[in-house]
Structures are given as C-alpha cells and as structure tokens.
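# Residue-level structural notes
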Amino acid sequence: MKFNGENIAKYALMTVAFSAVASLLLIAVFIFKEGLPFMMKVGLKDFLFASDWDPLAGKFGIYPMIVASLWVTFGAMLIGAPLGIAGAIFLNEFAPPMMMKIIKPTIELLAGIPSVVFGFLGVMVLAPWIRATLGGPGLSVLAASIILGIMVLPTVLSISIDAIASVPNSYREGALALGATRWQSVYMVTIKAARSGIIASIILAMGRALGETMAVIMVAGNTVKVPHAVTDPVRTLTANIALEMANATGMAREALFATGIVLFMVIMVLNGIALSAIKGKARKK
Amino acid sequence: MKIMVALTGVVLCAGFMGLTGCGKSRENVTIAGSTAFQPFAEKLADQYMSTHPGVMITVQGGGSSMGIQSALSGAAEIGMADLVELPPEAASLKSLIVARDGIAVVVNPANKVSSLTYDQVRDVFSGKIKNWKDVGGSDYAIAVISREAGSGTRSSFEKILGGIKLAEDALVQDSNGTIRETVANDQNAIGYVSHGLINEKIKAVSVDGIECMEATIMKGEYRLVRPVFLMAKEGASPACQAFLEYVMSNEAQELLHQSGLIRAK
C-alpha cells in the first residue's frame, strides 16, 4: 500500500513536471507551424533584411524592428547593468548588513511593479523631458532604454548579489593577506570569481528587456524606421506583434507569427548563453 | 455531514438544470468586429436586452476585418465594420449603415494652427509637409501620430485622403485614447481621432474651413466621415433580424446620437 502511494505520488508529480515542458513545446510548435510557411513564401531575405513594413500592401520587411529591438535592449543594458553590478558590489562588500536588509527587498519590490506603470511614467514624465531637452518627439530609443534599464535593475542586482555572495570568504582573506587593499581584493579577486554569475544576470536581463512589450509600446513611438539617433522613435519586434495582432488576418497574421519566431530564436540563444555561463560557474567551484 | 453533501448535490444539479434550461429558452446573438463601435454596440445590446429578456446578445471586439470574417464564417451572427467601403469579400453579406462617425484632425491646444485645407492634411500625413511654418504655424517639426496598420480608423482616414501612404517617420499609437494623450502632451503633434472623443485637452482643426461637428457632418459638408456597417448573412435568425431592426429604430438611433455618434438617418 505504501509502495503504491509512493508510486502514485511519483507519477503524479512527473506529469505535473512534464506539463510545463509540454506547454513550452506546444507554444514552440504552434508558432513555427503558423510562421514558418510564411517565411518560406516571402523568403528570408525579404523578411529579415528588407526595411518596408506594409502588411496591407504585401511588404513584410522587419529589419527596422530587429535593429530597434537590439538598440533598445543594448541601451537598457548600458543603463541597467552598471547600476545593478555596482549596486551588488557595494551591498555585498562595502555596505553594513543593515543596509543590505533594507535595500535588497526594496529593489526586488521594483520587479513587482506592473510594466504598464513604468510605461505610464515614461509617457507622462520622461518623454516630455526628452522632447524639451534633446528635441525629437520624446517617444524614442532613449526613453525606452531608460525605462527598460530601470525595469531590469532587480534582475541584474539580485542575481549579481547571489553570485558575489557565493564567492568563498577564503578568497577575500587570501587577497587581503597578500597585501591587497579592500578595493583591489574586490576587483581583482571577488568579481573575477563571480564573473559567470554576473554574466548570467546580464543575459537574463537582456532577455527580459528584449521581451518587454507594454512599456515599450507606450514609450518607443512605434515608427517603423531604422533609427539614426537615440531620440528617434522606433518599433521593436514585440511591439509590432502586440500592435497589429488585433486587426491582422491572412498573410499579415502569419507575418506576426514569423516575427514571433525571430524573437523566440533570439531569446533561446540568449538563454543558452546564460545557461552555459551558469554551468561554467558550477564547474569552477 | 452526508445530508449536507446530498443537499449540496441537489442544489448544484438544480442550478445546472436552471442554467442549461435558461440557455435553451434564450436566443443568442453574437456581434463582433470594430473596436471603435464596440462600446456603442454594448450600449445598444444592454438596452435591447432590458426590453427583450428572451434574447442574449454578446458583443466582442476584434477589429473591422475580424468582424467581416466572423460574419462570413458564422462565428458571429452580426459583424461590425467602420470602413469607408466594405472589401469585396463582404459583398455576399447583407450590410446596413447604422451610424456615421466623423474623423477629427486634432492638434495640441497650444498650437497656433486651427485650420488646414484638405490638401494640407493630406500632405502633412503623407510626409510632404514637415514643418508647422509651412501651414501657418511656428517653426517646429510636425510630429505625425497615426493608428496601427489594419485599424479601421486609419484605413478610412487614408482612403478619404485619396489613398495616401503614411509618412514613414510617423509615430504609431494603438488606440484613439492614446492618440489623444500623445497629442495633448506634445505641442507639435497632429493626429486623428473619432469625433466623439474630442475633449478640452486637444483641439480639432477645421478642414477646408469647415469645423468637425455634428451639424457639418450631417449636412455632408465635413469631408472626413466614415460609415459604421453592421453585416449579417442572408437568412439570418429572426432574433438577429429583430435586433438589426431595433438598431435602425428611432430609440436606438437616439442612444447612438447621445453617445457621440451621428445618426444614420
């Protein structure tokens, strides 16, 4: 009886575990089934590298949106990564433990704020400020990057804190015993030892920034054009899907699924890099 | 305990029977399509159901093209579309103009410009005119704001302006409401919204000297007007026919009028 109960529990839990994998698989299969025939029909070159997006006229070039997604993600990293990593180093190595107890939960709270709220702040405060000081329409690469940079901060910070905290104290003690100052021991030993964890935090944050939709639609301006300056408005891949989904039929709808494939591939690659970075860290230990 | 379980069971069963019984005795009509007309259709449905308890009307969005598709496929009995003219695939449907909606060209209230010609509107939105000083304003770049591709408001607007291709550096917003917010926030912006959505935060410019208001739309003087179509298959159910008749009735037209649309007749 006991043996049976255990088996039942085992298989029940296994089913639950596989259901998560199965849903990922189903999503992947569905996106590819809807989008791949379209990519074949239009041709990769006319889809990925053409700049004309006009679904009603049969033009499906998503090149400006790929560029836009990369610009915005890169910009967000430029803002979020240094802040997050510097914050993690400070909180782990220099700040009194009390401060960590207050600041860490506060920043993690930031992760719980809905993205539409960030977008709203961007539209009401950031965009008018950019328009007044830097010119352009305000809704721009810069606005999206700043908003996303703040949004990914909790990801970078909390994973980096864990990575730095997992560096054994003997490393620091060894560095200090050799006559290094505290700062030297931090940047020559601790950061190097925590490097793979910090890289993983950045890559996970990139995935988050690339996939964010609502806040970006609100602050990026959604113009389909390759940007030439940070004050230019852009449309990212995610924004394109969300904006046109409601009205798309036929080829236009398939084009959105194909856009989803591109996004899916980019995120898979990023996650793959993150996983191997984390594995690298485990091996070193 | 057992009695409780049995009682709960009986109550649940009765509830289910009640529900299914109710579903059978009520006739269902589903309406789908234009998101711009959706809130008005909901009002009409509410009013109709309050006087016709035997009919259940469900209103869904999805967009004008979805409305035509659903009416054709039978996913919905009635499709809604707010387009200047219906696409050829809708020819097999029985269509009815139930209201008219003016499209207002709007700017920020701080903008000096309060009147444009039809040609100027066309050139601004197609990107030929890029500075406010060319249309009598101050020396600032014009920020054109449009709806997304596939929007009924956008395709009607572009068609009325002679099939323009939108300026490629135009900003895109995904609803009438966000266009209004963006124009209210940016002194150099120009956009277009449904006539019913004009408020004190934005300013509607007159086109060819004619203001966008109900009287001018009714008289046919204001040019940027689109019809709202309801479409149903030939031989639709009696409940569906009755609802369409109701929409054209004086009472329903008055409700649409009070909600900010222009009566069909």
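Counting residues at the interface gives 20 residues for chain A, matched by 20 residues for chain B. When the two sides are added together, the surface that chain A and chain B hide from each other amounts to roughly 1800 Å², 52% of it contributed by carbon and sulfur. In terms of surface lost to chain B, no three residues of chain A exceed Arg-131, Leu-243 and Asn-247 of chain A, which account for 29% of the buried area on that side. Where chain A packs against chain B, one counts one salt bridge. Arg-131 of chain A is the salt-bridge partner of Asp-186 of chain B, the closest N and O atoms lying 3.5 Å from each other. Connecting chain A to chain B are four residue pairs in polar contact (both at pLDDT 80 or more). Elements with a minimum of two residues in the side of chain A that touches chain B: helix H5 (115-134) and helix H11 (237-244) of chain A.

A few words now on the packing of helix H3 (residues 63-94) of chain A against helix H9 (residues 195-211) of chain A. Residues and elements named next belong to chain A. It is at 9 Å that the axes of H3 and H9 come closest, and there the two elements cross at 140°. Relative to H9, the element H3 lies oblique. Judged by the sense of rotation from one axis to the other, the crossing of H3 with H9 is right-handed. For the pair formed by H3 and H9, the contact residues are Ser-69, Thr-73, Ala-76, Met-77, Ala-81 and Ile-85 on the first element and Ile-198, Ile-202, Ala-205, Met-206, Ala-209 and Leu-210 on the second. Per-class residue counts for the contact of H3 with H9 are 10 nonpolar, two polar and no charged.

Residues and elements named next belong to chain B. The domain architecture assigned to chain B consists of domain 1 (27-100 + 227-263) and domain 2 (102-225). When each unit is reduced to the centre of its C-alpha atoms, the spacing between domain 1 and domain 2 is 28 Å. On the side of domain 2, 12 residues touch domain 1, which itself brings 11 residues to the contact. When domain 1 packs against domain 2, close to 980 Å² is buried across both sides, 63% of that on carbon and sulfur atoms. By the criterion of area lost to domain 2, the three top residues of domain 1 are Val-84, Arg-100 and Ile-262, representing 44% of everything that side buries. Linking domain 1 with domain 2 are zero salt bridges, by the criterion used here. Of the residues that constitute the side of domain 1 that touches domain 2, the class distribution is four nonpolar, three polar and four charged.

Reading the values: the criteria
Residues numbered from 1 in each chain as written. Chains lettered and ligands numbered in written order. Predicted model: local features only at pLDDT ≥ 70, side-chain atom pairs only at ≥ 80, totals over all residues. Heavy atoms only, no water. Contact = heavy atoms within 4.5 Å. Buried area = accessible area lost by both parts, 1.4 Å probe. Salt bridge = Lys/Arg side-chain N within 4 Å of Asp/Glu carboxyl O. Polar contact = N/O pair within 3.5 Å; in protein donor to acceptor, adjacent residues only side chain to side chain. Helix = DSSP H or I, 4+ residues; strand = E, 2+ residues; numbered from the N terminus. Axes fitted to C-alpha atoms, helices over the stretch in contact; angles between N-to-C directions. Parallel < 35°, antiparallel > 145°, perpendicular 65-115°, else oblique. Left-handed = near helix turned anticlockwise from the far one by under 90°. Nonpolar A, V, L, I, M, F, W, Y, C, P; charged D, E, K, R; others polar. Domains from an automatic or database assignment.

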